[in-house]
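Below, each chain spelled out in residue letters.
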Amino acid sequence: MTPEIVILIQSGKGGSGKTTIAAEIGKRLSKYVSVGMIDADIRAPNLLHELGYDENNSEMGVVGQKFIPIKVGDIEVLSASSFFDETVGIEWGSDEMAQFLSMIYDNLLWSNNRVLIIDTEPSDVAALDWATKKFGHRLYSVVVTTTDEKSISNCRRIIDTNKRKNVRQIGIIGNMVGNVCPHCGSELKCAVCGEPIGNSVAVDVGKIKEFANEVNLRCVATVPKSEGNILYGDDIDELVESIVYKIDNWLKTEFAKKITGVAKWMEKKVRENNRL
């Protein structure tokens, strides 16, 4: 598989909802284009669960010496949970993680997926290093954070590292912004005083947008906290549409490069022939 666009879903801290967001983006994108996903969070590989798949059946098939990805709806998934006993802790460094990703990616019978989404470990650099070398200019990033100061602080480091590695950053998703009713989506307020329970949605969204402005990125979506059902607004749909647009735009750009290359080659041959 040679995907046209590879998207790293990154976060600075565990519990930010990164995997939930990754699954939602994957499910919505799969309505438009073919999607493959890698759960590279080896210490908490929960992507299959978030996609609605029975994790007790996460063993992959094998053909010859190649693995067959797990199919969840229209999405092909490679999960670290297929390789490790969930009762055993894993203590790997960056080199071991990069070798693992390279081994499993290169030995999987992927279909020709146009988009590959990689759910990384919080504050991880191993997957970033591997993906940068493997996919180069096709690599993009989405950073997921809550309003927690530690999460935002760690995301600053991730964003800075992405910039230094020339990773194109789609933007920031603010997750768990305020508290809303799981049924109607209204902001939860105290029945006595009428004040929002916890931070208000407006205050939390303001913090995320302030952070995005600070690091010169776009806040592409904000998702409220909701017990039970997770309510996604139009922001996520707009994000997915922007990714689809980037794919089409990338294809047009690559096609233009090829046409330009052919034109230059023909011009060179004409000049050579004229000199004969």
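Structure's up top.
Here the residue index of a chain counts from 1 through its sequence in written order. For this predicted model, a pLDDT threshold of at least 70 governs which residues receive local features, and a threshold of 80 or more governs which side-chain atom pairs are given and counted, while totals over whole chains, interfaces and linings are taken from all residues. To obtain the side-chain values, all non-hydrogen atoms of the structure were used and water was disregarded.

1. Remarks on the packing of helix α3 (residues 94–106) against helix α4 (residues 126–135)
For the record, the criterion: Axis geometry follows a simple rule: fit a line to the C-alpha atoms, using only the stretch in contact for helices, then measure angles between N-to-C directions, giving values from 0 to 180 degrees. By definition, any uninterrupted DSSP run of H or I lasting at least four residues is a helix, any uninterrupted run of E lasting at least two residues is a strand, and each is numbered from the N terminus. Any angle from 65 to 115 degrees is called roughly perpendicular, while one under 35 is roughly parallel, one over 145 is roughly antiparallel, and all others are oblique. Helix crossings are classified by the rotation of the near helix relative to the far one: an anticlockwise turn of less than a right angle makes the crossing left-handed, while a clockwise turn makes it right-handed. Residues count as neighbours in contact if any of their non-hydrogen atoms are within 4.5 Å of one another. Following the grouping adopted for this structure description, the nonpolar residues are Ala, Val, Leu, Ile, Met, Phe, Trp, Tyr, Cys and Pro, the charged ones are Asp, Glu, Lys and Arg, and the polar ones are all others, Gly among them.
Two elements in contact, α3 and α4, have axes whose closest approach is 8 Å; the angle formed by their N-to-C orientations is 45°. Taken together, the axis directions place α3 and α4 in an arrangement best described as oblique. The two elements α3 and α4 cross, and the hand of that crossing is right-handed. Seen from α3, the contacting residues are S94, M97, A98, L101, S102, Y105 and D106; seen from α4, they are A126, A127, W130, K134 and F135. Residue composition of the contact of α3 with α4, by class: 8 nonpolar, 2 polar and 2 charged.

2. A closer look at the nonpolar core
The following threshold applies: We define the nonpolar core as a collection of buried residues of types Ala, Val, Leu, Ile, Met, Phe, Trp, Tyr and Cys that are connected through side-chain atoms lying within 4.5 Å of one another. Note on classification: 1.4 Å probe, protein chains only; a residue is buried when its accessible area is under 20% of the maximum for its type, exposed when over 50%, partly exposed between these limits.
Formed by 31 residues in total, the largest nonpolar core has its most connected members in I7, I25, L29 and I173. In terms of residue count, the dominant contributor to this core is helix α1 (residues 18–29) (5 residues). Of all hydrophobic cores here, the second largest spans 24 residues; its members include L8, I42, Y105 and W130.

3. What about helix α5 (residues 149–164)?
To keep it simple, the criterion reads: The span you would expect from a helix comes to 1.5 Å times its residue count less one. Polar contacts, as used here, are pairs of N or O atoms within 3.5 Å; protein pairs need one atom able to donate a hydrogen and one able to accept it. Residues neighboring in sequence count only if both atoms are side-chain atoms.
Taking 1.5 Å of rise per residue, the 16 residues of α5 would be expected to cover 22 Å, and the 23 Å separating its terminal C-alpha atoms lies within 8% of that figure. Where α5 is concerned, the buried positions are S151, I152, N154, C155, I158, I159, T161 and N162. For α5, the elements touching its buried residues are β1 (5–11), α4, β8 (139–145), β9 (168–179) and α6 (201–214). Capping of α5 at its N-terminal end is provided by D148; its side-chain oxygen lies 3.0 Å from the backbone amide nitrogen of K150. N166 sits one or two positions beyond α5 and adopts a positive phi of about 60°.

4. Here's the deal with unusual backbone geometry
Its identity as a non-glycine residue notwithstanding, S123 has a phi of 55°, on the positive side. Along the chain, the position of S123 falls in the loop between β7 (115–119) and α4.

5. A closer look at the pattern of salt bridges
Selection criterion: The rule for a salt bridge is simple: a side-chain nitrogen of Lys or Arg has to be within 4 Å of a carboxyl oxygen of Asp or Glu.
A complete count under the given rule lists 9 salt bridges for this structure. The partner of E24 in a salt bridge is K27, with the nearest N and O atoms 3.8 Å apart. Residue E24 and its partner K27 are located together in helix α1, separated by 3 residues, close to a single helical turn. Assessed through its relative accessible area of 13%, E24 is described here as buried. Among the salt bridges present, the one from D160 reaches R164, with a minimum N-O distance of 3.0 Å. Taken together, the residues D160 and R164, both in helix α5 and 4 residues apart, mark about one turn of the helix. Classification of R164 by relative accessible area gives exposed; the value is 58%. If you follow the salt bridges from partner to partner, you end up with K18, D41 and D119 in one network.

Purely spatial values, then, with no claim about function.
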